[in-house]
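# Structure at a glance
Residues per chain, in single letters:
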Amino acid sequence: MAEAHAAVAFSFSITHEGWDVNLDREVLHLVWQSGVRSWKKRIARLLNNVHNGIYPGHYSYLCVIIALVSAMHLNGLQVPLNLPPKLLTLCPSQTIYWQLGACTLSSLSYWLSAVYFLRYSLKMLFMYKGWMYEAQNKSPSLLTKLWLSAVKVLGGWNTPKLYSYQSSLPRLPLPSLHDTMERYLRSVRPLLDDSMYSKMVKLAAEFENGIGKKLQRYLLLKSWWSSNYVSDWWEEYVYLRGRYPLMINSNFYGIDAIMLHPTTNQAARAGSIINSLLMFRRLLDRQELDPILIQGLVPLCSWQYERIFNTTRIPGEEADKIMHFRDSSHIAVYHKGRYFKVFIYHRGRILKPPEIQMQIEQILKDQSEPQPGEEKLAALTAGIRTQWAYVRNKHFAKGVNKAALDAIEKSAFVVVLDDFPYEFDMNDPSKLDRYGKVLLHGRGYDRWFDKSFTLCIGTNGRLGFNAEHSWSDAPIIAHCLEYILLEEAENPRFDPNGNTLGNPEFTPPPPCRLSWDIKFDCQNSIEASLYVANTLIEDIDLRIYVHDRYGKGFMKGCRLSPDAYIQMALQLAYYRDGGKFCLTYEATMTRLYREGRTETVRPCTVESSTWVKAMEDKNTSLEEKIRLLRKACETHQKAIKDAMCGKGMDRHIFCLYVVSKYLKVQSPFIKEVLSEPWRLSTSQTPHGQTKRMDLKKHPKCISAGGGFGPVADDGYGVSYIIAGEDLLFFHISNKKSCPTTDCHRFARKIEQALTDMQELYTEYNQAAKM
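Definitions and limits used
- Residues numbered from 1 in each chain as written.
- Predicted model: local features only at pLDDT ≥ 70, side-chain atom pairs only at ≥ 80, totals over all residues.
- Heavy atoms only, no water.
- Axes fitted to C-alpha atoms, helices over the stretch in contact; angles between N-to-C directions.
- Helix = DSSP H or I, 4+ residues; strand = E, 2+ residues; numbered from the N terminus.
- Left-handed = near helix turned anticlockwise from the far one by under 90°.
- Contact = heavy atoms within 4.5 Å.
- Nonpolar A, V, L, I, M, F, W, Y, C, P; charged D, E, K, R; others polar.
- Phe/Tyr/Trp six-rings, centres within 6.5 Å; stacked < 30°, edge-to-face > 60°.
- Buried < 20%, exposed > 50% of the residue type's maximum accessible area, 1.4 Å probe, protein only.
- Lys NZ or Arg CZ within 6 Å of the ring centre and 35° of its normal.
- Pairing = 2+ DSSP bridges.
- Patch = residues over 30% accessible without salt bridge, like charges linked within 9 Å, V, L, I, M, F, W, Y side chains within 5 Å.
- Areas by Shrake-Rupley, 256 points an atom, 1.4 Å probe, with all protein chains shown as cover.
- Salt bridge = Lys/Arg side-chain N within 4 Å of Asp/Glu carboxyl O.
- Core = buried A, V, L, I, M, F, W, Y, C linked by side-chain atoms within 4.5 Å.
- Disulfide = S-S within 2.5 Å.

## Some points on the packing of helix H20 (residues 562-578) against helix H22 (residues 622-644)
Their axes nearest at 9 Å, the elements H20 and H22 cross at an angle of 115 degrees. You can see that H20 and H22 cross each other, and the crossing is right-handed. Between H20 and H22, the residues in contact are Asp-563, Ala-564, Tyr-565, Gln-567 and Met-568 and Leu-629, Ala-632, Cys-633, His-636, Gln-637 and Ile-640, respectively. In terms of residue class, the contact of H20 with H22 is made up of seven nonpolar, three polar and one charged.

## A look at the packing of aromatic side chains
Overall, the coordinates contain 33 aromatic pairs when judged by the stated rule. A ring pair is formed by Trp-388 and Trp-448, whose centres lie 6.4 Å apart and whose planes are at 80 degrees; its orientation type is edge-to-face. Taken together, the residues Trp-388 in helix H14 (residues 385-395) and Trp-448 in the loop between helix H16 (429-440) and strand E13 (453-457) connect sequence positions 60 residues apart. Across the pair, exposure class does not vary: Trp-388 and Trp-448 are buried alike. Looking at Lys-376, its charged tip hangs above the ring of Tyr-445, at a distance of 5.8 Å from the centre. Sitting over the ring of Phe-340, Arg-513 keeps its end group 5.9 Å from the ring centre.

## Topic: the sheet that holds E13
Across the sheet, eight strands lie side by side as E15-E9-E8-E12-E13-E14-E3-E20; this open sheet has mixed pairing. The sheet is open, and its two edges are formed by strand E15 (512-513) and strand E20 (706-707), each paired on a single side. As judged from the six bridges shared by strand E8 (residues 330-335) and strand E9 (residues 338-343), these two strands associate in the antiparallel manner. From the neighbouring strand, His-335 faces E9, where its bridge partner is Arg-338. Set on the sheet, helix H12 (residues 353-365) makes contact with E8, E9 and strand E12 (414-417); between it and E9 the angle comes to about 160 degrees.

## Considering helix H10 (residues 231-240)
If you check which residues of H10 are buried, you get Ser-231, Trp-233, Trp-234, Glu-235, Tyr-239 and Leu-240. Buried residues in H10 make contact with helix H9 (211-225), strand E6 (311-314), strand E7 (321-324), strand E17 (584-589), strand E18 (598-601) and helix H23 (650-663).

## Topic: a nonpolar patch on the surface
Among the surface-exposed residues, Leu-105, Leu-108, Leu-112, Tyr-116 and Tyr-120 lie close enough to one another that they form a single nonpolar patch of about 460 Å² accessible area. Relative to the elements of secondary structure, Leu-105 occurs in helix H5 (residues 96-126).

## Things to note about the pairing of E13
Summarising burial for E13: five of the five residues are buried, a large majority. A two-sided burial pattern is seen for E13, the buried positions comprising Phe-453, Leu-455 and Ile-457 on one face and Thr-454 and Cys-456 on the other. Both E12 and E13 contribute to a ladder of four bridges, which runs parallel. Residue pairing across strands places Val-414 opposite Thr-454, the latter belonging to E13.

## Some thoughts on the environment of Ser-106
For Ser-106, the location among the structural elements is in helix H5. Distance from Ser-106 to Tyr-390, taken between C-alpha atoms, is 60 Å for residues 284 residues apart in sequence. With sequence-adjacent residues up to four places away left out, Ser-106 is seen in contact with Leu-83, Pro-84 and Leu-87.

## Some words on the side chain of Ser-250
Its location among the elements puts Ser-250 in the loop between H10 and strand E3 (252-255). Sequence-distant contacts of Ser-250, that is, excluding residues within four places in its chain, are made with Tyr-239, Tyr-244, Pro-245 and His-469.

## A closer look at the pairing of E17
As paired strands, E17 and strand E19 (residues 680-684) are joined by three bridges and run parallel to one another. By the bridge assignment for E19, Tyr-585 is matched with Ser-681. By the bridge criterion, four bridges tie E17 to E18 in an arrangement that is antiparallel. Considered in E18, the bridge of Met-589 is made with Thr-598.

## A short note on H14
Buried within H14 we find Arg-385, Trp-388, Ala-389, Val-391, Arg-392 and His-395. Residues of H14 that are buried in the fold lie against E6, helix H13 (379-382), helix H15 (399-409) and helix H18 (520-539).

## Some thoughts on the environment of Leu-405
Locating Leu-405 in the fold gives a position in helix H15. With relative accessibility at 1%, the residue Leu-405 sits in the buried group. When the C-alpha atoms of Leu-405 and Pro-80 are compared, they prove to be 62 Å apart, with 325 residues separating the residues in sequence. The contact partners of Leu-405, leaving out residues within four places of it in the chain, are Trp-388, Arg-392, Phe-396, Trp-448 and Trp-516.

## Focus: unusual backbone geometry
Of note, Lys-336 is a non-glycine position whose phi angle comes to about 50 degrees, a positive value. Residue placement: Lys-336 occurs in the loop between E8 and E9. The residue Arg-559 is not glycine, and still its phi comes out positive at about 60 degrees. Mapped onto the fold, Arg-559 is located in the loop between helix H19 (552-557) and H20. Classification of Arg-559 as exposed rests on a relative accessible area of 65%.

## A few points about the nonpolar core
Counting 102 residues, the largest nonpolar core has Ile-274, Phe-413 and Phe-669 as its most contacted members. Top element by residues in this core is helix H11 (residues 266-286). It accounts for nine residues. Those residues within four positions of Phe-669 in sequence are excluded, and the remaining contacts are Met-181, Tyr-184, Met-200, Leu-203, Ala-204 and Phe-207. In terms of nonpolar packing, the next biggest core, distinct from the first, is built from 51 residues, Leu-377, Leu-432, Leu-439 and Leu-530 among them.

## As for the state of the cysteines
Going through the model one piece at a time under the given rule, you end up with zero disulfides. Unpaired in terms of disulfides, Cys-558 finds its nearest cysteine sulfur in Cys-633, a separation of 9.4 Å. Here Cys-582 is not cross-linked by a disulfide; its sulfur's nearest cysteine counterpart is in Cys-604, at 6.6 Å.

## Observations concerning the sheet that holds strand E21 (residues 716-724)
The six strands lie next to each other as E16-E22-E21-E19-E17-E18, forming an open sheet whose pairing is mixed. With partners counted over all chains shown, the strands left at the sheet margins are strand E16 (540-547) and E18, one partner each. Going from strand to strand, the sheet's axes swing by 20 degrees on average, the running direction of each strand aside. Looking at chain direction, E16 and strand E22 (residues 727-735) are connected through eight bridges and run antiparallel. Residue Tyr-545 lies in a different strand from E22, and its bridge partner there is Phe-730. Running at roughly 145 degrees to E21, H20 makes contact with E17, E19, E21 and E22 of the sheet.

## Looking at the pattern of salt bridges
With the rule as written, the count across this model stands at 38 salt bridges. Among the ionic pairs, Glu-616 bridges to Arg-576, the shortest N-O distance being 3.0 Å. Here Glu-616 is found in the loop between helix H21 (606-615) and H22, whereas its partner Arg-576 is found in helix H20, with 40 residues between them in sequence. Salt bridges sharing partners connect three or more residues here, namely Arg-243, Arg-313, Asp-320, Arg-385, Asp-450 and Glu-468.

As far as function goes, none of this settles anything; it's purely spatial.
This is the structure in structure tokens:
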């Protein structure tokens, strides 16, 4: 096996003439370069950590302070607190060197005091959230103006890096038990009849006045002690302890910018995108990526960016774990049932697009057959987690199987070169539906669902990704996708023939075919996992609805939030589809706080249900329908702002439940709350997270967004993206086994709801002009 020999740096044997040593200088050189690159990264990380540790201060200010304090002391002037003379009393002599040393230590004390004062002042300022609740079309209040000025002054001392604001972000506040009970009861009022609502009121009161107080005290202690009282438990109990298959149930997908099709050459597109991803990784390693700031001032937590690359989810019998590696010098590539290890560095630099294209072309031309069990190996990552953990420990813990598995799990990311095209046609919606299903689950065995993300590329050069959910939320990977698409839009990447621009500077190292020794019983386990995956695939249905009649331009013209407008349309569509209201989940971010992830917004409210019923009542006047819609949207917007500001209820109740399980106490209220299914699970895919994404300059960079599977067996999973002024995408999923749900029918209901809302406002505006 040539690939096994290539991985050995040196070998030796004992002969009658003594030691016979064979050195492979090329491999030793690769080892040397890897070490040099690793140390460069360590030094860069150290410098960045120091930079972030003293932000918003800077070393230059320390030098200025040392000069000023030394000048004042040597000229007989008293400095603040008179520190140099006090320090000199502890020195053995009063020479100029000891005086300068005392001045330096005094300056360091002044400087560190100023740094911590600025940092904690920023943290106090970032705790203020009044600016979020003020109308954007009105002048800010005096308090907000003063707050804006203070943030600009304190935050403008130094240029921030990606993680500079982490220590200045406040902790997620813990809501009071009473407020959470009130919010919960209001959220379920439209879903319950009078008798059931009275029962819930009684259960909530018993919980609040009983065991809830004890649980809240423990949670209060955790909120003081930890940097975020939710995120670690959310990651562990919602994701890592789940024993269900990741495919469809947890992982999500994202689609290429469908109007941007720079080349139909699969190898060339792969070379370009892989290079862009590696450049993005380098920006992360060096922390040269700008932090995302709301209104250019308020930072979002950047904690989740740390695990985009070199990360995999390791299966366990009771709980999985996230394994993040400091560095990786290769990627793993899957094509026609074979796995390849592809090196991405040469002499300390990232391979250029034409050099990576050469490597990908070698893989595409490779005619070797998959080894026994290799083709469908990834089905293990699509099956039951406990079974995968057992098989991994039994068959992949040593030997060639462990080495090959390490090559995949320790790769920067996984690339899948599919042997069919990803098609999109506005005149044939079924093609886009198939596109989404290919990325959501593929064939069940051709995506490595454990990796942080798998890059998928079709034969026509279109791409997408499948992402594991435990390590981060969708906005992080969406930011990464946005970066690589902008790189192609802003910089010429391909020649007229569709190949990457430029010529290779050298012949890159050839892809290394991974070797496996998969026994018969292991192959049976793979087939068993594939059966589970196929059962899930056969049951899932997906519809990607493209709405191009109008978009956020019309919604803003109605003086309504586009997100609230769409959520009201979904409420109307679901009511028409099922004849009733349901518990609705919308995710919003809590990254205004340190290590924040998401909180739940419940769009089904008293106000939204009242408006929906009014829309179905022919006797309700036009003006009343408009008034009720605006009130419902205002309520929804306030709920989103509350959730973003730590005033949500669902994460609080979740953490109370975790504490109750640790204390082994039962709560009828929590049991009732957690038994409610989320029949309508929704999420908005962010678009244009940075200033670079300007659709006026790059109109073809409009993304189709991505989607996920339904949360409930009898529910819908709906992801939507407001892609432009006149374009919306809805990714709607459901299970075929449920007789009451149909994603194609629901898409038509959404279309009709959006049409009715447009006609409602059009008729209202016409009546107002008369």
